[in-house]
Amino acid sequence: MMLDVLDACKYAVKKAVELGATEAEGFAAGGKEINVSIERNEIKIGKSQELSGIGVRVILDRSLGFASVNDLTKAEIAKAAEKAVGLAKRAPPLKFNELPGAKSVSKVEGLYDPRSKDFTMDDALENATKLLKTAKDYDPRVTVDSGYFSADVGRSAVVNSSGVEASEEACAFTHVILGMAVEGDDVSSFDYRFNGTRRVDEIEVETSARALAETVVNSLGAKKTESFKGTVILNPNTVVDLLAPVIVFSTNSNAVQKGMSGFAGRIDEKVASEELTVRDDGLIPGRLGSSSFDREGLPHRPLPIIEKGVLKNFLYNTLTARKEERESTGHASGGISGPPRIAPTNLMIEPGDAEIDSLIGETTKGVIISRFSGVPDPISGDFSGAVKGGYLVENGEKVNPIRETLAAGNVFELLNEISGISKETERIMSFIAPWVRLENVSVTSV
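Residues numbered from 1 in each chain as written. Predicted model: local features only at pLDDT ≥ 70, side-chain atom pairs only at ≥ 80, totals over all residues. Heavy atoms only, no water.

Chemist: Explain the environment of Pro302 to me, and be specific about the residues and the numbers.
Modeler: Tracing the chain through its elements places Pro302 in the loop between β9 (278-280) and β10 (303-307). The exposure class of Pro302 is partly exposed, given its relative accessible area of 46%. For the pair formed by Pro302 and Arg279, sequence separation is 23 residues and the distance between their alpha carbons is 7.4 Å. Leaving out residues up to four positions away in the same chain, Pro302 has contacts with Asp280, Asp281 and Leu283. (Helix = DSSP H or I, 4+ residues; strand = E, 2+ residues; numbered from the N terminus. Buried < 20%, exposed > 50% of the residue type's maximum accessible area, 1.4 Å probe, protein only. Contact = heavy atoms within 4.5 Å.)

Chemist: An account of helix α4 (residues 206-218) is needed here, citing residue identities and associated values.
Modeler: Over its 13 residues, α4 extends 18 Å from the first C-alpha to the last, a length consistent with the 18 Å expected when each residue adds 1.5 Å. Where α4 is concerned, the buried positions are Ser208, Ala209, Leu212, Ala213, Thr215, Val216 and Val217. Along its buried surface, α4 packs onto α3 (121-138), β4 (142-160), β5 (165-183) and β7 (191-197). (Expected span 1.5 Å × (residues − 1).)

Chemist: Quick rundown of helix α1 (residues 5-18)? Include the residues and the values.
Modeler: Here α1 spans 20 Å end to end across 14 residues, near enough to the 20 Å set by a 1.5 Å rise per residue. Turning to α1, its buried residues number three or more, namely Val5, Leu6, Ala8, Cys9, Tyr11, Ala12, Val13 and Ala16. Where α1 is buried, its residues touch β1 (23-39), β2 (42-60), α2 (74-90), β4 and β5. Capping the start of α1, Asp4 holds a side-chain oxygen 2.9 Å from the backbone nitrogen of Leu6, two or three residues further along. (Polar contact = N/O pair within 3.5 Å; in protein donor to acceptor, adjacent residues only side chain to side chain.)

Chemist: Any details on the pairing of strand β3 (residues 63-69)? Residues and values, ideally.
Modeler: When you tally the buried positions in β3, you get five out of seven residues, the bulk of the element. Pairing analysis gives seven bridges linking β2 to β3, with the strands arranged antiparallel. Bridged to Val56 within β3 is Ala67. Taken together, β2 and the strand that follows it, β3, pair antiparallel across an intervening segment of two residues, in which Asp61 is found at a positive phi of about 50 degrees. (Pairing = 2+ DSSP bridges.)

Chemist: Any details on the packing of α3 against α4? Residues and values, ideally.
Modeler: Closest axis-to-axis distance for the α3/α4 pair is 8 Å, and the angle between their directions is 35 degrees. Regarding α3 and α4, the two cross each other, and that crossing is right-handed. Between α3, through Lys130, Leu131, Thr134, Ala135 and Tyr138, and α4, the contact on the second element is made entirely by Glu206, Ala209, Arg210, Ala213, Glu214 and Val217. (Axes fitted to C-alpha atoms, helices over the stretch in contact; angles between N-to-C directions. Left-handed = near helix turned anticlockwise from the far one by under 90°.)

Chemist: Kindly report on the packing of aromatic side chains, identifying the contributing residues and their values.
Modeler: Counted by the stated rule, this structure contains five aromatic pairs. With centroids separated by 5.7 Å and ring planes inclined at 15 degrees, the aromatic side chains of Tyr192 and Phe194 adopt a geometry described as stacked. Residue Tyr192 is classed as buried on the basis of its relative accessible area of 19%. With 5.5 Å between their ring centres and 85 degrees between their planes, Phe372 and Phe383 make a pair best called edge-to-face. Taken together, the residues Phe372 in strand β16 (residues 371-373) and Phe383 in strand β17 (residues 382-388) connect sequence positions 11 residues apart. The same class applies to Phe372 and to Phe383, which are both buried. An aromatic cluster is built from Phe119, Phe149 and Phe173, whose rings are joined through pairwise contacts. (Phe/Tyr/Trp six-rings, centres within 6.5 Å; stacked < 30°, edge-to-face > 60°.)

Chemist: Lay out the pattern of salt bridges in plain terms, naming residues and giving numbers.
Modeler: Within the structure shown, the criterion is met by 29 salt bridges. The shortest N-O distance in the salt bridge between Glu165 and Lys10 comes to 3.5 Å. You can see Glu165 sitting in strand β5 and its partner Lys10 sitting in helix α1, a full 155 residues away along the chain. Take Glu165: its relative accessible area is 49%, and that puts it in the partly exposed class. Exposure remark for Lys10: the relative accessible area of 35% places this residue in the partly exposed category. The partner of Lys224 in a salt bridge is Glu404, and the shortest N-O contact between them spans 3.5 Å. Of this pair, Lys224 sits in the loop between α4 and β8 (228-234) while Glu404 sits in the loop between β19 (397-401) and β20 (405-410), and the two are 180 residues apart along the sequence. (Salt bridge = Lys/Arg side-chain N within 4 Å of Asp/Glu carboxyl O.)

Chemist: Residue-level account of the environment of Arg141, with values.
Modeler: With respect to the helices and strands, the residue Arg141 is situated in the loop between α3 and β4. On the basis of relative accessibility, which here comes to 27%, the residue Arg141 falls in the partly exposed class. Placed 42 residues apart in sequence, Arg141 and Glu183 show a C-alpha to C-alpha distance of 6.1 Å. Discounting residues that sit within four places of it in the chain, Arg141 has contacts with Met180, Ala181, Val182, Glu183, Val217 and Leu220.

Chemist: Could you give an account of unusual backbone geometry, naming the residues involved and the relevant values?
Modeler: Positive phi outside glycine occurs at Asp61, with the angle close to 50 degrees. By secondary structure assignment, the location of Asp61 is in the loop between β2 and β3. A relative accessible area of 56% means that Asp61 is categorised as exposed. Located in the positive-phi region is Glu404, a residue other than glycine, with phi close to 50 degrees. Among the residues examined, Glu404 registers a relative accessible area of 39% and is labelled partly exposed.

This is how it looks when you write it as structure tokens:
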């Protein structure tokens, strides 16, 4: 018989301790997923499945063992506990291996919508169809390459032998759309949009579809531009793709302790322009990155990361916090398939005081980047990649879309080259980001 996620965790802890574990933790999740995919301008596969599983983490004389199973029957949970204990017996000890004790956890509202239980495959199909149709109806030249609409409803729980016991219901409705515009031999830049919500009555896919369609249609007729070093303006999606990964990696305490972070040893130092403030808050009601407790059952807390350009905090779970004799910041993350990692919850770049139009209007010569095709090196901060959906700006005016253009630089250096941040922000999954104007970026025509 399948156990409830909370009972499964309690059983895992009990079994692991009986098998000799000094400490034990169970983290379980279970629920239903409905997904409708889009491929090449057509609705494709719709699937609905029940998923459940548990990860068992044990510590035996400071040695760590972990095992997981996609089954919540007692027999399979016992096997996972036995395997985890067996692995701990063969693992080297680490003096910092210790599970957290219980802390008071307050319920974050708005993470579960009771109407989600009645959400059907037909509802998912209707939203996927609306996502596709909105993009196609915007302009016949729009081609939707792929996408999906997904509804996830479930419950997670965590229990450990040091008194942690927490469980929570949650739901999420997310969508992604990817595509381009085609007119004869002219093919626009490939682009994508994604977003989501936790409330049935807030499901809204048209904005993403129209934004994708507008961007790719406006990219038609792109021209080559000349190379220069100067101003680029990042839209919120590009801020999330280009700047956020380096900030997230560099404020992860695990990367800091391993000497891989460019922010290591720089708390209370200026690392960015005074215009930049970044914070993380996993307690915001209804947000996709929110939850009442982290992967270890500890409460989240609002955390300033960068305040007016000054680095204020790193993100910790229990293990990395113990290495520095401090408390976890409540940023343990992950699922049933591995021990807790570290990740932000709702990462927010605070808005500035400029209108988007003024960021553009003040630019003598520059490029607007709607999508950056490349991955910044999170350790060095170096990046080089193709500008997608880019626009040339001259004398404060958008002149024409551009093609065959690369942008390159270093994120750590460019954080100090921010010359403007917009008042307007966009919510992109668990991020909130404004438009950001940067100086001294290498723009190369190829």
